[in-house]
Amino acid sequence: MAAIDANLQAVAARIRDAARACGRDPSVVRLLAVTKTVPPAAIEAAFAAGQRGFGENYVQEALDKQSALAASGIKSQIEWHLIGPLQSNKTRSAAECFDWVHTIDREKVARRLSEARPPEAVPLNVLVQVNVSGEASKSGVAPGEVAALARVVVQMPRLRLRGLMAIPEPTSDATVQQARFESVRALFDRLNEEGYALDTLSMGMSEDLEAAVAAGSTMVRVGTAIFGVRARQRAAA
Ligand SMILES: *Cc1c(COP(=O)(O)O)cnc(C)c1O
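Residues numbered from 1 in each chain as written. Predicted model: local features only at pLDDT ≥ 70, side-chain atom pairs only at ≥ 80, totals over all residues. Heavy atoms only, no water.

A. Examining the pairing of strand β6 (residues 159–166) more closely. Among the eight residues in β6, seven count as buried, and that is most of the element. Where strand β5 (residues 124–130) meets β6, seven bridges bridge the pair, whose relative direction is parallel. If you follow V130 over to β6, its bridge partner there is A166. As paired elements, β6 and strand β7 (residues 200–202) share three bridges and run parallel to each other. From the neighbouring strand, G163 faces β7, where its bridge partner is T200. The parallel pair β6 and β7 is bridged by helix α7 (residues 174–193), and the resulting crossover is right-handed. (Buried < 20%, exposed > 50% of the residue type's maximum accessible area, 1.4 Å probe, protein only. Helix = DSSP H or I, 4+ residues; strand = E, 2+ residues; numbered from the N terminus. Pairing = 2+ DSSP bridges. Right-handed = clockwise from strand over helix to strand, strands pointing away.)

B. Just the site of the ligand, in detail. With respect to spatial proximity, 13 residues lie near the ligand, and among them K36, N57, S206, T224 and R230 are the closest. At 2.6 Å, a side-chain N or O of K36 approaches an oxygen atom of the ligand. Coverage of the ligand by the protein amounts to 90% of the 380 Å² it exposes when considered alone. Its atoms largely coinciding with the cavity grid, the ligand occupies the largest pocket. Per-class residue counts for the shell around the ligand are six nonpolar, four polar and three charged. (Near = heavy atom within 4 Å. Polar contact = N/O pair within 3.5 Å; in protein donor to acceptor, adjacent residues only side chain to side chain. Areas by Shrake-Rupley, 256 points an atom, 1.4 Å probe, with all protein chains shown as cover. 1 Å grid on protein atoms, 1.4 Å probe; cavity = no way out; pocket = protein on both sides within 12 Å on 5 of 7 lines; lining within 4 Å. Sits in = over half its atoms within 2 Å of the grid points. Nonpolar A, V, L, I, M, F, W, Y, C, P; charged D, E, K, R; others polar.)

C. Structural detail: empty space enclosed by the protein. For the structure on display, the rule yields two cavities of 30 Å³ or more. One number sums up the size of the second largest cavity: a volume of about 30 Å³. Taken together, P168, E169, P170, T171, Q177, R180, F181 and D208 make up the full set of residues lining the second largest cavity. The residue inventory of the lining of the second largest cavity, partitioned by class, reads three nonpolar, two polar and three charged. (Points joined across faces, edges and corners; volume = space filled by probe spheres on them.)

D. Examining the layout of surface pockets more closely. Considered as a void within the structure, the largest pocket measures approximately 840 Å³ in volume. Along the wall of the largest pocket there are 30 residues; nearest its centre are K36, I167, M205, R230 and Q233. Taken together, the elements giving at least two residues each to the lining of the largest pocket come down to β8 (219–222) and α10 (231–236). In terms of residue class, the lining of the largest pocket is made up of ten nonpolar, twelve polar and eight charged. The computed volume of the second largest pocket comes to approximately 170 Å³. Forming the boundary of the second largest pocket are D5, L8, Q9, A12, R30, L31, A49, G50, Q51 and G53.

E. Focus on unusual backbone geometry. Positive phi outside glycine occurs at T37, with the angle close to 70°. Here T37 shows up in the loop between β1 (30–34) and α2 (40–48). Owing to a relative accessible area of 35%, T37 belongs among the partly exposed residues under this scheme. Although it is not a glycine, A197 adopts a positive phi angle of roughly 55°. Classification of A197 as exposed rests on a relative accessible area of 67%.

What follows is the structure, given as structure tokens:
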């Protein structure tokens, strides 16, 4: 578990270097620790090292870990982010158990989340997911439809629209990669010019966080570089 502490510091250093290299203030880029397939003990280790924001891909997996972390009091001190696709039959649990949802890609899911958000909780922070690579298999809305979805989401009483999220398809072509991140940034800037006051651009992972930070990311989602290669990734390699 000492490795987790060292890895967190190494990732923080990468973020700092990337931000400084392009003249950005490193403190505006938050690190989200992505814990899909990662056991509660590793979350505790990251928490002990000072990490507070955690991202999970599956609602049920997150609920199981939250139960495991409730007794120690850690659960309530963590900011929980849902970063995986959300099925409409999971919206109630998601609205109750997360602080953020990064994957809003249709009005129906947003409306259900707003309706299910408990009245005593602060509004749920949400991001509209942009499908920047244009692949049929990936979730997210097409860039041309982001503004229309943002317009409805921002009206929903129990949601707080904070910005955009994207997962550009991996590519070894640094120019293409940069262009994809920049295109999300351009959409983000355009919405703010229309008066939205968005503050969060969730993009960048273990392999590409430098490019994302250079394009203006304010939240990088990092799993492998903190917790090591996941079992499924290992099997595929
Ligand atoms: C798994 C995942 C990450 C983290 O990816 P790594 O390459 O392990 O850093 C980030 N965002 C999403 C949406 C993910 O599913």
